[in-house]
Amino acid sequence: MSIPWLFRCPISLDLFTDPVTLSTGQTYDRPSIERWLAGGHCTCPVTMQRLNDTSLVPNHTLRHLIDRWLLTGHETKSKPINFINSLAALKLNIQSAETSIETKLEALKKVRILSMESDNGQASLIQLGFFPLLLDILFQTPQLTTTTTYPELFTEVALDCILSLSPEKHSECLNILKNESCLASLGIMLDQGNVKIKTCLCTLIETIASSPVTRQVCLAIGQSQKVLQVLVSLLCSSTGFWAMEAAVKAVYGICMLEANRSNLVEEGAINGLFSYLSCSVRRNASQALASIEALLVVDAGRKSLLMNVNAVGVLVKMVFVVNSDHEGSEHAVGALLIMCCESMGVRAEAVNAGVLKQLLMLLQSQCGVKAKTKARALLKLLRSVWAEDPGVCNFYNAM
């Protein structure tokens, strides 16, 4: 298939993959022009004009024209491209049992381009029912994602398409996962997939957990030992930062349903969440702390925390964090309040870990009303432990 010269980069002479325009008005493929500029050149390769501005502006118009041309599968000089018919042909290729795996994969790649880079293409894909089709391909035909020559690539592309089509707007379609075989496929892919696949599936689980339409699916996921085991293992994983962060959000969503909490505790979620909070970089600490507070409602959750030698110290540190918005403070204090009501030993350990100073700094900060209410309640509970410290007593009595 010959490439129209307008779709070729003037530097590489290959099809544009990411067309960008210079201040001179000339368009190049981003990797090619970035290499040119990185080589110390200060001119436009075509016009040789000196560049006072080296910023690169995405050429969306050209990108969409190339998308449409790719969808036709051939060059059309005499007749206009029938975009909808092209999408229908793509859909047929993906659906047909007679289509080879290689053809299906190429079709999915074209769908991914449209779903990620073209608003019009995304709208057309949704209109033509690609979202439920992609879910069906991913979860109801596991042979495509487990026995192909490139199973991970096939799964990655399909997941990219699904997440790009705004799954939160099509929650009802996700009820496909109420089917036992589909849920089993989810567990297998989550367990055996690479870091990107795990990250994408965690994001999908988060979407499921956040919608009332898919409540039954969230309950089913909460009953799946395989899924919960993998999610908990990701909380402690050092191999994939983004998968770990996505797993925190997924666990948070799942444990917001009370019926799921006992199973999460049983699979080690308490220890997993504290392992995550012990990391030097954590983007979702607030959700991790909220999950811990929710899981402590379960008796087994409190027992699990008591057996974790680092838990109380971690919670105390999270009560007040300098230069934070204190979003997680409420949940850290809430978790300590639950445990201090449960155990005198925890009270003494918290005080020895410096909780009094942390609480006093929190009360003087701009934290929310709920956080301050819980902080005051915890101080009151700890009063017998810190009664010998007159400075703290005077501060508390003045509040």
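Residues numbered from 1 in each chain as written. Predicted model: local features only at pLDDT ≥ 70, side-chain atom pairs only at ≥ 80, totals over all residues. Heavy atoms only, no water.

Participant: I'd love a proper account of the overall build of the chain, names of residues and values included.
Facilitator: Within the chain one finds 24 helices and 3 strands. Across the 399 residues in the chain, those meeting the buried criterion constitute 50%. For the chain, restricting intrachain contacts to residue pairs at least 6 apart in sequence, the fraction spanning at least 24 positions comes to 64%. Carbon and sulfur atoms make up 52% of the accessible area of the chain, which amounts to about 19100 Å² in all. (Helix = DSSP H or I, 4+ residues; strand = E, 2+ residues; numbered from the N terminus. Buried < 20%, exposed > 50% of the residue type's maximum accessible area, 1.4 Å probe, protein only. Contact = heavy atoms within 4.5 Å. Areas by Shrake-Rupley, 256 points an atom, 1.4 Å probe, with all protein chains shown as cover.)

Participant: Summarise helix 8 (residues 151-164); cite the residues concerned and give the values.
Facilitator: The terminal C-alpha atoms of helix 8, which comprises 14 residues, lie 20 Å apart, in line with the 20 Å expected from a rise of 1.5 Å per residue. Counted residue by residue, helix 8 has 10 buried out of 14 residues, so it is predominantly covered. Residues of helix 8 that are buried: Phe154, Thr155, Glu156, Val157, Ala158, Leu159, Asp160, Cys161, Ile162 and Ser164. Where helix 8 terminates, the next one or two residues include Ser166, which has phi positive at roughly 55 degrees. (Expected span 1.5 Å × (residues − 1).)

Participant: Please give an account of the environment of Ala375 that cites residues and values.
Facilitator: Tracing the backbone shows Ala375 in helix 22 (residues 369-381). A relative accessible area of 0% places Ala375 in the buried class. The spatial distance from the C-alpha of Ala375 to the C-alpha of Leu337 is 8.3 Å, given a sequence separation of 38 residues. Those residues in contact with Ala375 that lie beyond four places of it in its chain are Val333, Leu359, Leu362 and Leu363.

Participant: Please set out helix 15 (residues 269-277) residue by residue, giving values where relevant.
Facilitator: Along helix 15, 7 of the 9 residues are buried, which leaves the element largely enclosed by surrounding structure. Every buried residue of helix 15 is listed here: Ala269, Ile270, Gly272, Leu273, Phe274, Tyr276 and Leu277. Looking at the buried residues of helix 15, the elements they touch are helix 12 (225-235), helix 13 (241-255), helix 14 (261-266), helix 16 (285-295), helix 17 (299-306) and helix 18 (311-319).

Participant: Tell me what's going on with the packing of helix 10 (residues 195-209) against helix 13, and back it up with residues and numbers.
Facilitator: If you want to describe how two helices pack, look at the angle between their axes and the distance between the axes. Helix 13 packs onto helix 10 with a crossing angle of 20 degrees between their chain directions and a minimal axis gap of 8 Å. On the basis of the axis angle, helix 10 is roughly parallel to helix 13. For the pair helix 10 and helix 13, the crossing hand works out as left-handed. Between helix 10 and helix 13, the contacting residues are Val195, Lys198, Thr199, Cys202, Thr203, Ile205, Glu206 and Ala209 on the first element and Trp242, Ala243, Ala246, Ala247, Lys249, Ala250, Gly253 and Ile254 on the second. (Axes fitted to C-alpha atoms, helices over the stretch in contact; angles between N-to-C directions. Parallel < 35°, antiparallel > 145°, perpendicular 65-115°, else oblique. Left-handed = near helix turned anticlockwise from the far one by under 90°.)

Participant: Describe the side chain of Ser286, naming the residues involved and giving the relevant values.
Facilitator: Mapped onto the elements, Ser286 comes out in helix 16. Here Ser286 is in contact with Glu327, Gly328 and His331, once residues within four sequence places are set aside.

Participant: Please set out the nonpolar core residue by residue, giving values where relevant.
Facilitator: Phe139, Leu305 and Val355 are the most contacted members of the largest nonpolar core, which has 106 residues in total. For this core, the leading source of residues is helix 13, giving 9 residues. Residue contacts for Phe139: discarding those within four places in its chain leaves Leu177, Ser181, Cys182, Ser185, Leu186, Met189, Leu201 and Leu204. Core analysis: the next-biggest nonpolar cluster, separate from the first, contains 12 residues, Phe7, Ile33, Ile66 and Trp69 among them. (Core = buried A, V, L, I, M, F, W, Y, C linked by side-chain atoms within 4.5 Å.)

Participant: Tell me about the sheet that holds strand 2 (residues 27-29), residues and numbers included.
Facilitator: Strands belonging to one sheet form pairs held by backbone hydrogen bonds; the direction of such a pair is parallel or antiparallel. One open sheet holds the 3 strands; their spatial order is 2-1-3, and the pairing between them is antiparallel. The open sheet is flanked by strand 2 and strand 3 (57-58), the only strands paired with a single partner. Against the sheet, helix 1 (residues 30-38) touches strand 1 (19-21), strand 2 and strand 3, its axis set at about 95 degrees to strand 2. (Pairing = 2+ DSSP bridges.)

Participant: Go over unusual backbone geometry with me, naming the residues and quoting the values.
Facilitator: Its identity is not glycine, yet Leu13 carries a phi of approximately 65 degrees, on the positive side. If you check the backbone angles, Ser166 has positive phi at about 55 degrees while not being a glycine. Among the secondary structure elements, Ser166 is positioned in the loop between helix 8 and helix 9 (180-192).

Participant: Pulling in residues and values, what's your account of the pattern of salt bridges?
Facilitator: In this structure the tally under the stated criterion is 11 salt bridges. Of the charged contacts in the structure, one is a salt bridge between Glu293 and Lys374, with a shortest N-O distance of 2.7 Å. Placement of Glu293 in helix 16 and of Lys374 in helix 22 is noted, with a sequence separation of 81 residues between them. Bridged by salt links that share partners, the residues Asp299, Arg302, Lys303 and Glu342 form one connected network. (Salt bridge = Lys/Arg side-chain N within 4 Å of Asp/Glu carboxyl O.)

Participant: Could you give an account of the packing of aromatic side chains, naming the residues involved and the relevant values?
Facilitator: A full pass over the atoms with the stated rule returns 1 aromatic pair. Relative to Trp242, the ring of Phe241 has its centre 5.0 Å away and its plane inclined at 80 degrees; by these criteria the two rings are edge-to-face. Its relative accessible area of 29% is what places Phe241 among the partly exposed residues. (Phe/Tyr/Trp six-rings, centres within 6.5 Å; stacked < 30°, edge-to-face > 60°.)

Participant: Provide a residue-level description of the confidence of the model for the chain, including the pertinent values.
Facilitator: Per-chain confidence: the chain averages 88 in pLDDT, with 89% of residues scoring 70 or above. Taking the mean pLDDT of every element in the chain, the minimum, 48, falls on helix 24 (residues 390-398) and the maximum, 98, on helix 14. This stretch, residues 74-81, has a pLDDT under 50; its non-local contacts, to residues over four places away or in other chains, come to 10 contacts. Within the model, the stretch residues 392-399 combines pLDDT values under 50 with 17 contacts to residues more than four positions away or in other chains. (pLDDT = per-residue confidence, 0-100.)

Participant: Explain the packing of helix 10 against helix 12 to me, and be specific about the residues and the numbers.
Facilitator: One way to put it is that helix 10 packs onto helix 12 with a least axis distance of 12 Å and a crossing angle of 115 degrees. Of the two possible hands of crossing, helix 10 and helix 12 adopt the one that is left-handed. Note on element contacts: helix 12 touches helix 10 through Val227, Val230, Leu231 and Leu234, opposite Lys198, Cys202 and Ile205.

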